[in-house]
Amino acid sequence: MLNRFYVDNIINTALAEDINYIDVTTDNLLQDGDVSEAYFVAKDSGILCGIDVAARVFDLAGGNVEKEILLKDGAPIKKGDYIAFFRGSAKTLLKGERTALNLIQHMSGIATAANECVKLVEGTNASIADTRKTLPGLRALQKYSVTVGGGKNHRFNLSDGAMLKDNHIDAYGSITGAVSALRKKAGHMLKIEVEVRNLEEVEEALENKCEVIMLDNMSDDEMKKAVEITNGRALLEASGNITLDNIRQKALTGVDIISLGALTHSVRCFDISMKIKSCDHK
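Quick caveat: nothing in here was measured; it's all calculated off a predicted structure.

Remarks on the pattern of salt bridges
And then number 1: For the coordinates displayed, the defined rule picks out 17 salt bridges.
And then number 2: A salt bridge links Lys-78 to Asp-81, with the shortest nitrogen-to-oxygen separation between them at 3.4 Å.
And then number 3: Given a relative accessible area of 52%, Lys-78 falls into the exposed group.
And then number 4: Asp-81 gets classed as buried once you look at its relative accessible area, which sits at 19%.
And then number 5: Sharing partners across several salt bridges, the network here consists of Asp-8, Arg-56, Asp-59 and Lys-67.

Things to note about the packing of helix α1 (residues 4-19) against helix α3 (residues 51-60)
And then number 1: Contact geometry for α1 and α3: axes closest at 10 Å, N-to-C directions at 65°. Of the two possible hands of crossing, α1 and α3 adopt the one that is right-handed. Residues Arg-4, Val-7, Asp-8, Ile-11, Asn-12 and Leu-15 of α1 pack against Val-53, Arg-56, Val-57 and Leu-60 of α3.
And then number 2: When the residues that make up the contact of α1 with α3 are grouped by side-chain class, the tally is six nonpolar, one polar and three charged.

Observations regarding the nonpolar core
And then number 1: Ranked by size, the top nonpolar core spans 38 residues in total, and within it Val-194, Val-196, Val-202, Ile-213, Leu-215 and Ile-258 carry the most contacts.
And then number 2: Filtering out sequence-adjacent residues up to four positions away, Val-196 remains in contact with Ile-175, Glu-201, Val-202, Ala-205, Ile-213, Met-214, Leu-215, Asp-216 and Met-218.
And then number 3: Listed in part, the 36 residues of the second largest apolar core include Ile-10, Ile-11, Leu-48 and Phe-58.

A short note on the sheet that holds strand β7 (residues 162-164)
And then number 1: An order of β6-β11-β10-β9-β8-β7 is seen for the six strands of this open sheet, with the pairing classed as parallel. Each edge of the open sheet carries a strand with a single partner, namely β6 (127-129) and β7. Here the average twist between neighbouring strands, direction ignored, is 25°.
And then number 2: Relative to strand β11 (residues 257-259), β6 runs parallel, the two being bridged by three bridges. Bridging from a neighbouring strand, Ser-127 pairs with Ile-257 of β11.
And then number 3: Contacts from helix α8 (residues 199-207) reach β8 (192-196) and β9 (212-216) within the one sheet, and its direction differs from that of β8 by about 165°.
And then number 4: Here helix α9 (residues 220-230) sits on the sheet in contact with β9 and β10 (235-239), set at roughly 170° to β10.

A short note on the packing of aromatic side chains
And then number 1: Counted under the stated rule, the structure contains six aromatic pairs.
And then number 2: Ring geometry for Tyr-39 against Tyr-82: centres 5.2 Å apart, planes inclined by 75°, an arrangement best described as edge-to-face. Residue Tyr-39 is located in strand β1 (residues 35-42), and its partner Tyr-82 is located in strand β5 (residues 82-89); the two are separated by 43 residues in the primary sequence.
And then number 3: The rings of Tyr-39, Tyr-82 and Phe-85 are connected pair by pair, giving a single aromatic cluster.
And then number 4: Lying across the ring of Phe-156, Lys-143 places its NZ or CZ 5.3 Å from the centre.

Description of unusual backbone geometry
And then number 1: The residue Asn-20 is not glycine, and still its phi comes out positive at about 60°.
And then number 2: Turning to its location among the elements, Asn-20 is positioned in the loop between α1 and α2 (26-29).
And then number 3: According to the relative accessible area criterion, Asn-20 is exposed, its value standing at 64%.
And then number 4: Phi angles above zero are rare outside glycine, and Asn-231 is one such case at about 50°.

Thresholds, definitions, all that
Residues numbered from 1 in each chain as written. Predicted model: local features only at pLDDT ≥ 70, side-chain atom pairs only at ≥ 80, totals over all residues. Heavy atoms only, no water. Salt bridge = Lys/Arg side-chain N within 4 Å of Asp/Glu carboxyl O. Buried < 20%, exposed > 50% of the residue type's maximum accessible area, 1.4 Å probe, protein only. Axes fitted to C-alpha atoms, helices over the stretch in contact; angles between N-to-C directions. Helix = DSSP H or I, 4+ residues; strand = E, 2+ residues; numbered from the N terminus. Left-handed = near helix turned anticlockwise from the far one by under 90°. Contact = heavy atoms within 4.5 Å. Nonpolar A, V, L, I, M, F, W, Y, C, P; charged D, E, K, R; others polar. Core = buried A, V, L, I, M, F, W, Y, C linked by side-chain atoms within 4.5 Å. Pairing = 2+ DSSP bridges. Phe/Tyr/Trp six-rings, centres within 6.5 Å; stacked < 30°, edge-to-face > 60°. Lys NZ or Arg CZ within 6 Å of the ring centre and 35° of its normal.

What follows is the structure, given as structure tokens:
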């Protein structure tokens, strides 16, 4: 679930960016009482996400729009499917169209991409996760979309968990030193993940009882050896240069998690159109 105040803040920011203080086309063309009907239709196939967010746009863009939602988030959709019908203020529908479509297209694109990855690793031990490589201001929407597609969320922010990346380790001097320093100051609820670059660092992370170990850009053979060495003592996360072509091979190494920044930072937009009928002039 998404918090309403968070969603409203994103929508209001987007509307202010798009409309500024007047829509010179719509406001000069139509009257306040003009009524139209409109609908969303899929022009692609995949997983729907963001319909409630998109529908909320019309409430904040002027209101006076009745909504009939035909498909909910998580529903598989195909080209030509009707997603929702709207009837009400023609001004509101036209002013909110672009913002509503921008959001639902982006969110559906993420859900569809996540679902494709989830299907590719079916039958293995691996789950699909996102990263913090998100667009500024849209993180919660993007991470929600990943879960709608069947994936899981990595940490939402730097407060969620301690993650020693290569730069942390290089700056401090060693995995052992960095983990020890964190353990001395962190509370008992804090888990530590450490990024490793070779099997020697896997051993060092295990010796320091790190709960999660990220295998950074390792070969399949190295990851298989890491799985053997770890033997269930920590969760293993594969990351770096993972594509649709190689994701199943990565999963077959036995890792627990496969994280992909591409799910959120460069996903393809899912094509959805809004069609509006001629309006009744008052």
